[in-house]
Amino acid sequence: NAGVTQTPKFRILKIGQSMTLQCTQDMNHNYMYWYRQDPGMGLKLIYYSVGAGITDKGEVPNGYNVSRSTTEDFPLRLELAAPSQTSVYFCASSYGDLTNTEAFFGQGTRLTVV
Amino acid sequence: EDQVTQSPEALRLQEGESSSLNCSYTVSGLRGLFWYRQDPGKGPEFLFTLYSAGEEKEKERLKATLTKKESFLHITAPKPEDSATYLCAVHSRNYGGSQGNLIFGKGTKLSVKP
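A brief look at the structure comes next. (Residues numbered from 1 in each chain as written. Chains lettered and ligands numbered in written order. Predicted model: local features only at pLDDT ≥ 70, side-chain atom pairs only at ≥ 80, totals over all residues. Heavy atoms only, no water.)

**Structural notes on the sheet that holds strand E6 (residues 56-59) of chain B**
All names here are of chain B. Read from one edge to the other, the open sheet built from 5 strands follows the order E1-E3-E8-E7-E6, with strand pairing classed as antiparallel. Both edges of this open sheet fall to strand E1 (3-7) and E6, since each of them pairs with a single strand only. When strand polarity is set aside, the average angle formed by the axes of neighbouring strands in this sheet is 15 degrees. (Pairing = 2+ DSSP bridges. Helix = DSSP H or I, 4+ residues; strand = E, 2+ residues; numbered from the N terminus. Axes fitted to C-alpha atoms, helices over the stretch in contact; angles between N-to-C directions.)

Below is the structure:
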């Protein structure tokens, strides 16, 4: 199994540009998450989804949007890129609630906004 | 406020030199404490989940323990391949949406020299 797959692995954006970070999982997991990881900081939750058609904000949702039209895919959209969005983005999935199941992470997307 | 603090930030060991990593937490109603391993340029990889004080789990050279205020990750006779950043996270009902989510610490970067 491929697990959680993120594309692209690296991207450089100019201020004001838009892009979509892709995430797909082949484990039939209901829950999916987007985190960002800044140097020297813990992972911060951006958005999450408990199933197709259902999304909710995490700790740092401003400047991002998500959708969940299928169980497999959970894309993250940046509409107007800002330097503060330079980070490494991780997508994750879990079978159920994280109180009793583990999260599986993708390899990450390193985004630089200049 | 719920939070997770890991210490030390970095730890350098000689091969075979046992040591412990600390994760102290403040959370209202612990619903799970998680340890992850993260290699450079990769996403976090799940190691352990602990649910109640006194619980212990082992995997190869790693043993995780839990008290009411902290968790330890003990590394016995480490090898160079154990070099990684170790992340601690707790599930908080007060964070990241109506169902709660994981709060991550900043991690401990472990280097094991041959």
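**Re the nonpolar core**
Core analysis: the largest hydrophobic core is formed by 44 residues, its most contacted members being A:Tyr35, A:Phe105, B:Trp35, B:Tyr86 and B:Phe104. If you tally residues by element for this core, the top one is strand E9 (residues 84-92) of chain B, at 6 residues. Setting aside residues up to four positions removed in sequence, A:Tyr35 forms contacts with A:Leu43, A:Lys44, A:Leu45, A:Ile46, A:Val88, A:Tyr89, A:Phe90, A:Leu98, A:Phe105, B:Asn101, B:Leu102 and B:Phe104. (Core = buried A, V, L, I, M, F, W, Y, C linked by side-chain atoms within 4.5 Å. Buried < 20%, exposed > 50% of the residue type's maximum accessible area, 1.4 Å probe, protein only. Contact = heavy atoms within 4.5 Å.)

**Some details on the interface of chain A and chain B**
Every contact between the two is made by 27 residues of chain A and, on the other side, 22 residues of chain B. At the boundary of chain A with chain B, total buried surface from both sides reaches about 1,900 Å², with 52% on carbon and sulfur atoms. Where chain A touches chain B, the interface holds 0 salt bridges. Where chain A meets chain B, there are 2 residue pairs in polar contact (both at pLDDT 80 or more). Secondary-structure elements contributing two or more residues to the side of chain A that touches chain B are strand E4 (31-37), strand E5 (44-51) and strand E6 (54-57) of chain A. Partitioned by chemical class, the residues of the side of chain A that touches chain B number 12 nonpolar, 9 polar and 6 charged. (Buried area = accessible area lost by both parts, 1.4 Å probe. Salt bridge = Lys/Arg side-chain N within 4 Å of Asp/Glu carboxyl O. Polar contact = N/O pair within 3.5 Å; in protein donor to acceptor, adjacent residues only side chain to side chain. Nonpolar A, V, L, I, M, F, W, Y, C, P; charged D, E, K, R; others polar.)

**Focus: the sheet that holds strand E1 (residues 4-7) of chain A**
Residue and element names in this part refer to chain A. Across the sheet, which stays open at both edges, the 4 strands sit in the order E1-E3-E8-E7 with antiparallel pairing between neighbours. Bordering the open sheet on either side are E1 and strand E7 (64-66), each of which pairs with just one other strand. Adjacent strand axes in the sheet meet at a mean angle of 20 degrees, parallel and antiparallel pairs treated alike. Two strands pair when backbone bridges link them, and E7 and strand E8 (residues 76-78) are joined in this way by 3 bridges, in the antiparallel orientation. Bridge pairing in E8 links Asn65 to Arg77.

**Let's talk about the pattern of salt bridges**
Residue and element names in this part refer to chain A. Following the criterion strictly, the structure yields 7 salt bridges over all chains and no others. One salt bridge in this structure joins Lys44 and Glu59, with 3.7 Å as the shortest N-O distance. Of the two residues, Lys44 sits in strand E5 while Glu59 sits in the loop between E6 and E7, which places them 15 residues apart along the sequence. Taking relative accessible area as the criterion, Lys44 reaches 27% and is therefore assigned partly exposed. Residue classification places Glu59 among the partly exposed positions, given a relative accessible area of 39%.

**Notes on the state of the cysteines**
Residue and element names in this part refer to chain B. Counted under the stated rule, the structure contains 2 disulfides over all chains. Between the sulfur atoms of Cys23 and its disulfide mate Cys88 the distance is 2.0 Å. Around the S-S axis, the bridge from Cys23 to Cys88 shows a dihedral of about -65 degrees and counts as left-handed. Remark: Cys88 occurs in strand E9 and Cys23 occurs in strand E3 (residues 19-26); sequence separation between them is 65 residues. (Disulfide = S-S within 2.5 Å.)

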